[in-house]
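# Observations on the model geometry
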Amino acid sequence: MNKDLVAIFEYLEKEKGVKRDVLIGAIEEALRIAAKKSIHDVGNVDVTINAKTGEIEALVEREIVQEVEYPDEEISLEAARELDPDCAIGQWIQVNVTPKDFGRIAAQVARQVITQKLRHAERDVIYEEYRHRVGELISGTVKRKTRGGTLIVDLGKVEGILPDRFYPREEAIQVGDRVLALLLEVRDTENGGAEVILSRNDPKIVEELFSQEVPEIHDNVILIKRIVRDAGYRTKMSVSTTDLKIDPVGACVGVRGGRVKNIIRELNNEKIDIIPHSDDPITLLKNSVAPVILKKIEIDDDNQRIIVVVTDEDYPIVLGRKGINARLTGDLIECDLKVYKSSDYEKQAHLLLQELAASDDPLLDEELVLSNANQLAISSLKEAGFDTPRKVLSHTPHHLAESAGLTIDLIEDIIEQIKKERI
């Protein structure tokens, strides 16, 4: 036990940062309580552990008397002089009351205390070394994997936890793999310890990777304005620059894509869209879907929604797998985004116009007068026979444009003006 204790002290001191005197003090305190329970007829007992040898002694102070009346407080002069020949009546003397089986008791207590102290020591190490690093990238080796898929990562002095919901399932991370993750938080546990929570899903990990890879971002010459992510599938990031001579998108991509390729590789081939930032959501929207051209953009302020129409060919590109690309674009512009195929939108719009044209509103049969529309276009429609709002709404934009010799854009603008005034 003595040699084992010394070995434990040395290991914990070197590897875990637990000071020997702190550990010994805790074990001594626990053994004092154990000694009172295991040693009969004893008063205040003091337990000491030799830091170098690991020897354990249970000592009590007793008053030297001629005749003992209180055995747990007194000792006879004759018995005392066996310990100290020069002692005298009235003095106090320390008496060793260590029981024969105290080593077994000490081993049990020491094990419990060491476990508790180790937990607290690791918590202190975690707080000291990791709490101020929240939001930074940290790497470690996967030590084990729980049944639920949570990864336990060896970070050196402590272990980090990478919950299964915090990394893409597409990443087949195995025990022994080196993993780079974001230090998400340091939190207390119910048993008095602390744990380091890691994440590979948080958008911040992409930001930190770009900060490491692109010096201009680290130096705040290029600013990451917004970043949204569906981990394992796609990231969209808008960037701007404080130096107009620098192309922020080009700097992030790097020569022949070298910079962004390193990040894509680290994120297991996740797609990354780097977009010129604009405070105007419509401009940012157009930048986000480029090179796709949006045929129509409608802003629904009541529902905080933007409706866009794209060609049937571009629809799958803008929508993305399971609608993820459109959702991320909406998150980037901070608005709900609804994407329509051109063919579907025209059918739906035509049905709505037919419903409006079939209504009983007598104003639809009055002369076509729109103050905010192109007056030459209005004149052309009247000359072609479409001289009332109902006649305009009863035909398709293509038929109206062809009959009046106007562009589709002009016709659609006139129809929108009629809808605004009549709906």
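Calculation rules
Sequence order as written defines the numbering, with residues in each chain counted from 1. With pLDDT at 70 or above as the cut-off, local features in this predicted model cover only qualifying residues; side-chain atom pairs require 80 or more to be listed or tallied, and sums for whole chains, interfaces and linings still use all residues. Calculated side-chain values reflect all of the structure's heavy atoms, with hydrogen atoms and water omitted. Here a cavity means grid points, on a 1 Å grid over the protein atoms only, where a 1.4 Å probe fits yet cannot get out; a pocket means an open set of points with protein on both sides within 12 Å along at least five of seven lines; lining residues are those with an atom within 4 Å of a point. Grid points are joined across faces, edges and corners, and a volume is the space filled by probe spheres set on the points. Starting at the N terminus, helices and strands are each numbered in turn, a helix being any DSSP run of H or I of at least four residues and a strand any DSSP run of E of at least two. In this classification, Asp, Glu, Lys and Arg are treated as charged, Ala, Val, Leu, Ile, Met, Phe, Trp, Tyr, Cys and Pro as nonpolar, and every other residue, Gly included, as polar. Think of it this way: a Phe, Tyr or Trp ring, Trp meaning its six-membered ring, pairs with another when their centres are within 6.5 Å, and the plane angle makes it stacked under 30 degrees, edge-to-face over 60, tilted otherwise. Geometrically, a lysine NZ or arginine CZ counts as sitting over a ring once it is within 6 Å of the ring centre and also within 35 degrees of the ring normal. In short, DSSP must find at least two bridges between two strands for them to pair. Axes here refer to lines fitted to C-alpha atoms; in helices the fit is confined to the stretch in contact. Angles between the N-to-C directions go from 0 to 180 degrees. In this scheme, roughly parallel covers angles under 35 degrees and roughly antiparallel covers those over 145, while 65 to 115 is roughly perpendicular and the rest are oblique. Handedness of a crossing is defined here by the sense of rotation of the near helix relative to the far one, left-handed for an anticlockwise turn of less than a right angle and right-handed for a clockwise turn. Throughout, a contact is declared for two residues whenever any of their heavy atoms are within 4.5 Å. Categorising residues by exposure relies on relative accessible area from a 1.4 Å probe, with only protein chains included: less than 20% of the type maximum marks a residue as buried, more than 50% marks it as exposed, and the intermediate range marks it as partly exposed. We define a polar contact as two N or O atoms separated by no more than 3.5 Å, with the added condition that, inside protein, one atom must be a possible hydrogen donor and the other a possible acceptor, whereas residues neighbouring each other in sequence contribute only through side-chain atom pairs. Nonpolar side chains (Val, Leu, Ile, Met, Phe, Trp, Tyr) are joined into patches within 5 Å and like charges within 9 Å, using only residues with over 30% relative accessible area and no salt bridge. Note on areas: these come from Shrake-Rupley sampling with a 1.4 Å probe, and a residue is covered only by the protein chains present in the view. Salt bridges are defined as contacts in which a side-chain nitrogen from Lys or Arg sits within 4 Å of a carboxyl oxygen from Asp or Glu. As used throughout, the charge tally considers Lys and Arg to be positive and Asp and Glu to be negative, leaving His and the chain termini uncounted. Taken as the charge location is NZ of Lys, CZ of Arg, CG of Asp or CD of Glu.

Here we come to the layout of surface pockets. Approximately 610 Å³ is the volume attributed to the largest pocket. Contributing to the lining of the largest pocket are 20 residues, with Glu-298, Ile-307, Tyr-345, Glu-416 and Lys-419 lying nearest its centre. Among the secondary structure elements, those contributing two or more residues to the lining of the largest pocket are strand S13 (296-300), helix H12 (342-357) and helix H16 (408-422). Per-element accounting of the lining of the largest pocket gives the leading share, six residues, to H12. Tallied by class, the residues present in the lining of the largest pocket amount to nine nonpolar, two polar and nine charged.

Glancing now at the packing of aromatic side chains. Scanning all chains against the criterion turns up zero aromatic pairs. The ring of Phe-166 has Arg-165 sitting right over it, with the charged end atom 4.6 Å from the ring centre. The cationic tip of Lys-338 hangs over the ring face of Tyr-340; the distance from NZ or CZ to the ring centre is 5.6 Å.

Once that is clear, we can look at the pairing of strand S8 (residues 178-188). The pairing of strand S5 (residues 137-145) with S8 spans five bridges and is antiparallel. Within the sheet, the bridge partner assigned to Ile-138 lies in S8 and is Ala-181. Of the pairings in the sheet, the one linking S8 to strand S9 (residues 194-199) comprises six bridges and is antiparallel in character. Within S9, the position partnered with Leu-182 by the bridge is Ser-199.

What follows deals with the packing of helix H5 (residues 203-213) against helix H8 (residues 258-266). Put simply, H5 and H8 touch, their axes get as near as 10 Å, and they point 140° apart. Of the possible angle classes, the one that applies to H5 and H8 is oblique. Crossing of H5 against H8: the hand is right-handed. Contacts between H5 and H8 involve Leu-209, Phe-210 and Glu-213 from the first element and Arg-259, Val-260, Asn-262, Ile-263 and Glu-266 from the second. Grouping the constituent residues of the contact of H5 with H8 by class yields four nonpolar, one polar and three charged.

This part takes up H5. Within H5, burial applies to Ile-205, Val-206, Glu-208, Leu-209 and Phe-210. For H5, the capping residue at the N-terminal end is Asp-202, with a side-chain oxygen 2.8 Å from the backbone nitrogen of Lys-204.

The next point concerns the pairing of strand S6 (residues 151-154). As paired strands, S5 and S6 are joined by four bridges and run antiparallel to one another. Each bridged residue has a counterpart across the sheet, and for Thr-141 the counterpart in S6 is Asp-154. A loop of five residues connects S5 with S6, the two strands running antiparallel in sequence, and Gly-149 in this loop sits at a positive phi of about 100°. Of the strand pairs in this sheet, S6 and strand S7 (residues 159-162) are connected by four bridges, and their pairing is antiparallel. Directly across from Val-153, in S7, lies its bridge partner Gly-160. Counting the residues that bridge the hairpin from S6 to S7 gives four residues, and of these Gly-156 lies at a positive phi of roughly 120°.

This brings us to the sheet that holds S13. Judged by pairing direction, the sheet is mixed, and its three strands sit side by side in the order S13-S14-S15 without closing on themselves. Two strands in the sheet have a free side with no partner beyond their single neighbour: S13 and strand S15 (336-341). Sheet twist, expressed as the average angle between the axes of neighbouring strands with direction ignored, equals 20°. Here strand S14 (residues 305-310) runs beside S15; their pairing, made up of six bridges, is parallel. Looking across to S15, one finds that Val-308 is bridged to Val-339.

Now for a negative patch on the surface. There is a patch of like negative charges on the surface, built from Asp-312, Glu-313, Asp-344 and Glu-346. Of note, Asp-344 is situated in helix H12. Asp-344 sits in the partly exposed class, given a relative accessible area of 38%.

Turning to the sheet that holds strand S10 (residues 222-230), a few remarks are in order. As summarised here, the arrangement of the three strands in space is S10-S11-S12, forming an open sheet in which the pairing is mixed. At either end of the open sheet lies a strand with only one pairing partner, and these are S10 and strand S12 (271-276). Pairwise comparison of adjacent strand axes, ignoring direction, gives a mean angle of 20° for this sheet. Direction of pairing for S10 relative to strand S11 (residues 234-241): antiparallel, over a ladder of eight bridges. Note that in S11 the partner of Ile-227 across the bridge is Met-237.

By themselves, these observations are geometric and do not establish any function.
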